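Spelled out, the chains give:
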Amino acid sequence: MDSLHYIKKWRCNVRDPMLTKRVGEVEEETLDDRISRIPDALLVQILSLLPTKDAVASCVLSKRWRYLWNSIYNFHLAGNSYFNNVENFVSLVNHVLTHSTCSKIKKFQLDLPYNPKYKFDSNIELWISFSVERKVENVVLCSCDEDVDCELPLSICTCSSLITLDWSCCAIDKESVIEWKSFMSLKLDYIFIDNDDIAKILSGCPALETLELCAFDGFRRLEITSSNLKRLTLDRYWWFYGRADEPLVIIAPHLQHLEFLGDFEYLKCRLVNVSSLVSARLTLNCTCVTEIAGADEVDGCADYHQDFRKLVLDYFQKLSNATELTIGRWLAEVVFMLQLKGVSLPKLRCRCLTLEMYVTKYNLYGVASLLQNLPLLETLNIDLRARALNDFRCQLELRYLAKGGSINLQSWISNIVFPILKNVPA
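Residues numbered from 1 in each chain as written. Predicted model: local features only at pLDDT ≥ 70, side-chain atom pairs only at ≥ 80, totals over all residues. Heavy atoms only, no water.

Novice: Before we go on, may I ask you to explain the overall build of the protein in this structure?
Specialist: Along the protein, the regular secondary structure elements total 13 helices and 17 strands. The 426 residues of the protein split such that 48% are buried. Contacts in the protein between residues at least 24 apart in sequence constitute 65% of all its contacts with a sequence separation of at least 6. On the protein, roughly 21000 Å² of surface is accessible, and the fraction owed to carbon and sulfur atoms is 51%. (Helix = DSSP H or I, 4+ residues; strand = E, 2+ residues; numbered from the N terminus. Buried < 20%, exposed > 50% of the residue type's maximum accessible area, 1.4 Å probe, protein only. Contact = heavy atoms within 4.5 Å. Areas by Shrake-Rupley, 256 points an atom, 1.4 Å probe, with all protein chains shown as cover.)

Novice: In this structure, what is going on with the sheet that holds strand 9 (residues 221–223)? I would like to understand it.
Specialist: The strands making up a sheet associate through backbone hydrogen bonding, with each pair oriented either parallel or antiparallel. One open sheet accounts for three strands, arranged 9-11-13; its pairing is parallel. The open sheet has two free edges, formed respectively by strand 9 and strand 13 (269–273), since each of these has just one partner strand. When the angles between neighbouring strand axes are averaged without regard to direction, this sheet yields 15°. Note: strand 9 against strand 11 (residues 248–251), three bridges, orientation parallel. By the bridge assignment for strand 11, Glu223 is matched with Ile251. (Pairing = 2+ DSSP bridges. Axes fitted to C-alpha atoms, helices over the stretch in contact; angles between N-to-C directions.)

Novice: Help me understand the sheet that holds strand 7 (residues 185–193) in this model?
Specialist: Strand order in this open sheet of 12 strands is 1-2-3-5-7-8-10-12-14-15-16-17, and the pairing throughout is parallel. Among the strands making up the open sheet, the edge pair consists of strand 1 (74–78) and strand 17 (379–384). Averaged over all adjacent pairs, the angle separating strand axes in this sheet is 10°, with direction ignored. Here eight bridges tie strand 12 (residues 257–265) to strand 14 (residues 279–286), and the two strands are oriented parallel to one another. What sits directly across from His257, in strand 14, is Ser279.

Novice: What exactly am I supposed to notice about the environment of Leu340 here?
Specialist: As for its position among the elements, Leu340 is in helix 10 (residues 329–340). Relative accessible area serves as the criterion here: at 26%, Leu340 is assigned to the partly exposed category. Taking C-alpha positions, Leu340 is 8.1 Å from Tyr400, a pair spaced 60 residues apart along the chain. Once residues within four sequence positions are removed from consideration, Leu340 is found in contact with Tyr400, Lys403 and Ile407.

Novice: Hey, could you run me through the environment of Gly366 in this one?
Specialist: Take Gly366: it is sitting in helix 11 (residues 361–371). Spatially, the C-alpha atoms of Gly366 and Val335 are 5.0 Å apart, while their sequence positions differ by 31 residues. Excluding residues that lie within four positions of it along the chain, Gly366 makes contacts with Ala332, Val335 and Phe336.

Novice: Would you mind going over the packing of aromatic side chains with me for this structure?
Specialist: Given two aromatic rings, their pairing is described by the distance between the two centres and the angle made by the two planes. Enumeration over the complete set of coordinates arrives at 15 aromatic pairs. Ring geometry for Phe89 versus Trp127: centroids 6.1 Å apart, planes at 90°, classification edge-to-face. With Phe89 in helix 5 (residues 86–99) and Trp127 in helix 6 (residues 121–133), the pair connects residues that are 38 residues apart, well separated along the chain. Neither Phe89 nor Trp127 differs from the other in exposure class; each is buried. A network of ring pairs unites the aromatic residues Phe216, Phe219, Tyr237, Phe260, Phe264, Tyr266 and Tyr315 as a single cluster. Directly above the aromatic system of Tyr190 lies the positively charged group of Arg236, at a separation of 6.0 Å from the ring centroid. (Phe/Tyr/Trp six-rings, centres within 6.5 Å; stacked < 30°, edge-to-face > 60°. Lys NZ or Arg CZ within 6 Å of the ring centre and 35° of its normal.)

Novice: Explanation requested: the pairing of strand 11 in the structure shown.
Specialist: The two faces of the sheet receive side chains in turn, since in a regular strand these alternate between them. When strand 11 meets strand 13, the two strands line up parallel, connected through four bridges. Across the sheet, Ile251 pairs through a bridge with Asn273, a residue of strand 13.

Novice: Just checking my understanding: could you explain helix 3 (residues 40–47) for this structure?
Specialist: Turning to helix 3, its buried residues number three or more, namely Leu43, Val44 and Leu47. Angular distribution of buried residues about the axis of helix 3 spans 100°; they occupy a single face of the element. (Arc of directions from axis to C-beta.)

Novice: Explain the packing of helix 10 against helix 12 (residues 395–402) here, please?
Specialist: To characterise two packed helices, one gives the angle between the axes of the helices and the distance between these axes. Here helix 10 crosses helix 12 at 65°, and the two axes come no closer than 10 Å. One element, helix 10, and the other, helix 12, form an angle in the roughly perpendicular class. The handedness of the crossing between helix 10 and helix 12 is left-handed. Contacts between helix 10 and helix 12 involve Glu333, Phe336, Met337 and Leu340 on the former and, on the latter, Glu397, Tyr400 and Leu401. Considered class by class, the residues forming the contact of helix 10 with helix 12 number five nonpolar, no polar and two charged. (Parallel < 35°, antiparallel > 145°, perpendicular 65-115°, else oblique. Left-handed = near helix turned anticlockwise from the far one by under 90°. Nonpolar A, V, L, I, M, F, W, Y, C, P; charged D, E, K, R; others polar.)

Novice: What am I meant to see in the state of the cysteines here?
Specialist: One covalent bond between the sulfur atoms of two cysteine residues makes up a disulfide. Under the definition given, this model contains zero disulfides. Lacking any disulfide linkage, Cys269 is separated from the closest cysteine sulfur, that of Cys286, by 7.7 Å. Take Cys288: it sits in no disulfide, and the sulfur closest to it among the cysteines is that of Cys301, at 3.5 Å. (Disulfide = S-S within 2.5 Å.)

Novice: I keep staring at the pattern of salt bridges and nothing clicks. Help me out?
Specialist: Side-chain pairing between opposite charges can occur once the charged atoms of the two side chains come close. One pass over the full model with this rule turns up 14 salt bridges. Between Glu378 and Arg351 there is a salt bridge, with the nearest N and O atoms lying 2.7 Å from each other. You can see Glu378 sitting in the loop between helix 11 and strand 17 and its partner Arg351 sitting in the loop between helix 10 and strand 16 (352–357), a full 27 residues away along the chain. Judged by its relative accessible area of 33%, Arg351 falls in the partly exposed class. Through salt bridges with shared partners, one network takes in Lys104, Lys106 and Glu137. (Salt bridge = Lys/Arg side-chain N within 4 Å of Asp/Glu carboxyl O.)

Geometry only, nothing functional implied.
Structure, rendered in structure tokens:
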């Protein structure tokens, strides 16, 4: 049931007893009378909260509503249902923008329909240029086709009014100049950018506070010098152009919140300087090289896992002063493997620990090993998850984990004491 249907019900079927007037017992004031006294500015505000297609459809309600939608300042142009009618979606967007009279756009969102045969490049450039001319503050472009790059139009690269940008399947012109002086939040999804691109973005956003890169590849050095950028999220490494063994180095001395999420495949993210971190969410999953086509298990697997164990140990050393930690299944299992090798974790100052994982005895051993090194823990959150569809483990990992079969978990955790633990939410 669409938004227009609810508006019609609201106008026609509802009565407000507080506004009922009786002459004898016959006359009453309808909701239509009440709506007629609502200022146009408030009605435009309501229409701006609707999907744009529904806002346009409100023009049939009455003569007064005929042109109200022309003044909306939020645009959500959703093309999800236009797979076989892309031209109709393009016509809708062009019609809406041609008749728009607003001088400043608060949010401009395009959800492109999936159709591999249609190229939106020229349309996107035209539509985004329109929003830039209207001093847009927040832009969202969603594309369902990760095989098609949607290049950032040059007009938006120097948009002084822009505050947030969320862009899927993004490509950046090497000749473009990034100047986002008031920019605060950037999310790029399905993105291949090199070291120069990421450096250009960061230098052009002096006020940036939040950076989120999803399904990313290309760059291998992320140096954040700005004291304004406090939150970094890396969500899924996307293998665009073949395997590269070079690690991703992160230098961010002012960063306070860090997230590594999803499948990182074989990518090693090395933390060089994250001395200001307050919280970290590490629910990443790394895959053995033997799962990658053409990799030789005998030649490289042992060294590969040794490198990741060293990497995880380094994570905990770098995060020793963070007060909030969230860990997932893969990290807990690596901690267990470290314990089996006789490697001790550093003492951590974490006061709030969250476990996001499905439970196996192996990651429970890892959790128990971690808890032994959290003397200041006050809150333990347990968020049980469904088992991952891709849960590959190589023979070397399985042999390590099999050693846990003979360990008694109760004896493993018997010496754990939480002197100031206060909360274990159910």
